[in-house]
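What follows is the residue order along each chain.
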Amino acid sequence: MDATSKNSIISTLMTEQKPSTLFRALLASGKLAEALPELMACVGVPQNPLYHPEGDVFEHTMLVVDCAAALREKAKNPLGFMLSALTHDLGKAIATQVQPGGKITAYGHEVAGLPLCRDLLGRLTDDGALIDYAENMMWLHMRPNVLAKCRSKKKKTRQLFDLSLCPEDLILLSRADASGKLDAPYDEECEAFLRQRLEDYRRIVALPMVTREDLLAAGFSPGVALEAALARARQLHFSGYDCQHAIRQVTAEARSGRKL
């Protein structure tokens, strides 16, 4: 991809109210396959009409990109956010299956799309942190709406936000994704729930947590077991354990041979 094409795509994502116009024009002109083959592969890929009455994966992506454009001024990382909207469902081109009864599924598309995301963005930018951000957003993009709809426990939303490189933007992406379906207006209560839970995460992540030094003092030796115990202690923190309780728990689990 030449510099002019790269700049055109980036500029469109960052300035236009409807960035989809560019990608639709590339498709109509026959140039999309050359410029963005990973996006071209989404054309004609079916989706379950119960959840996606708008049509194929390409059409959904275009709607999401336009919804994201209306939100990009709120994003912590506007360019990364827009690139995430563009790439979030690339994995459906690989993961989509039509079952014998006609049911359409795309299980695991958020993981299947990770190398596609890296390949596409690698031609648009050499900013590794930007690519890492978009991959992280792709990996997690389905979870916020799922947790919001079932009003999940705080432990689950804390763990989700702890995995995210930018929880604020992940909430925005989940809004854009849910809005790009043409089935019903966005449920504002979902974002309200997620933002309340983000405040909860910020509060609890600021509390003292178990450190490597704590675990060394408790008898752990440097190495894989200590790192696993540290990760487990962090999970326990999000379940409401204080430091001493978490240390006792991971120590007991290590002694019992439980896989942390």
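Residues numbered from 1 in each chain as written. Predicted model: local features only at pLDDT ≥ 70, side-chain atom pairs only at ≥ 80, totals over all residues. Heavy atoms only, no water.

A. Local environment of the overall build of the protein. What the protein contains, in helices and strands, is 17 helices and two strands. Once the C-alpha set of the protein is aligned to its principal axes, its extents read approximately 65 × 40 × 40 Å. Looking at the 260 residues of the protein, the share that counts as buried comes to 47%. Pairs at least 24 residues apart make up 65% of the contacts formed inside the protein by residues separated by at least 6 positions. Looking at charge distribution, the protein has the averaged site of its 32 positive side-chain charges lying 8 Å from that of its 32 negative ones. (Helix = DSSP H or I, 4+ residues; strand = E, 2+ residues; numbered from the N terminus. Buried < 20%, exposed > 50% of the residue type's maximum accessible area, 1.4 Å probe, protein only. Contact = heavy atoms within 4.5 Å. Lys, Arg positive; Asp, Glu negative; His and termini not counted. Charge placed at Lys NZ, Arg CZ, Asp CG, Glu CD.)

B. Examining the side chain of E110 more closely. As for its position among the elements, E110 is in helix α8 (residues 109-112). For the buried E110, which has no salt bridge, the nearest side chain bearing the opposite charge is R143, at an N-O separation of 6.1 Å. Setting aside chain neighbours within four positions, we find E110 in contact with M138, W139, H141 and M142. (Salt bridge = Lys/Arg side-chain N within 4 Å of Asp/Glu carboxyl O.)

C. Representation of the packing of aromatic side chains within the structure. Enumeration over the complete set of coordinates arrives at two aromatic pairs. Between the aromatic rings of F161 and Y201, the centroid separation amounts to 6.2 Å while the plane-to-plane angle is 55°, which identifies the pairing as tilted. Note that F161 is positioned in helix α12 (residues 154-163) and Y201 in helix α14 (residues 188-205), a separation of 40 residues in sequence. Overall, the relative accessible area of 1% leaves F161 in the buried class. Their ring planes at 40° and their centres at 5.8 Å tell us that Y201 and F238 sit as a pair that is tilted. (Phe/Tyr/Trp six-rings, centres within 6.5 Å; stacked < 30°, edge-to-face > 60°.)

D. Main features of the environment of K92. Locating K92 in the fold gives a position in helix α7 (residues 92-95). Classification of K92 by relative accessible area gives buried; the value is 8%. For the pair K92 and P46, spaced 46 residues apart in sequence, the C-alpha separation works out to 9.0 Å. Not counting chain neighbours up to four residues away, the residues in contact with K92 comprise V45, Q47, H52, V57, A106 and H109.

E. Examining the environment of E16 more closely. Structurally, E16 can be placed in the loop between α1 (3-15) and α2 (20-29). Its relative accessible area of 41% is what places E16 among the partly exposed residues. Between the alpha carbons of E16 and L230 there is a distance of 45 Å; along the sequence they are 214 residues apart. Ignoring anything within four residues of it in the chain, the contact list for E16 reads S11, A69 and R72.

F. Summary view of α12. Listing the buried residues of α12 in full gives T157, R158, L160 and F161. The buried residues of α12 occupy an angular sector of 160° when projected down its axis, which confines them to one face. Those residues of α12 hidden inside the fold are in contact with α10 (128-140), α11 (143-149), α13 (167-179), α14 and α16 (224-238). (Arc of directions from axis to C-beta.)

G. Representation of the packing of α12 against α14 within the structure. Two elements in contact, α12 and α14, have axes whose closest approach is 9 Å; the angle formed by their N-to-C orientations is 75°. By the angle class used here, α12 and α14 are roughly perpendicular. Of the residues in α14, those in contact with K154, T157, R158, F161 and D162 of α12 are F193, L194, R197, L198, D200, Y201, R203, I204 and V205. In the contact of α12 with α14, the residues fall into seven nonpolar, one polar and six charged. (Axes fitted to C-alpha atoms, helices over the stretch in contact; angles between N-to-C directions. Parallel < 35°, antiparallel > 145°, perpendicular 65-115°, else oblique. Nonpolar A, V, L, I, M, F, W, Y, C, P; charged D, E, K, R; others polar.)

H. Summary view of the pattern of salt bridges. For the structure on display, the rule yields 15 salt bridges. One salt bridge in this structure joins R123 and E38, with 2.7 Å as the shortest N-O distance. With R123 in helix α9 (residues 114-124) and E38 in helix α4 (residues 37-40), this pair connects stretches of sequence that are 85 residues apart. Two residues, D162 and R234, come together in a salt bridge whose shortest N-O distance is 2.6 Å. With D162 in helix α12 and R234 in helix α16, this pair connects stretches of sequence that are 72 residues apart. Among the ionic contacts, a cluster of salt bridges with common partners joins R175, E188, E191 and R195.

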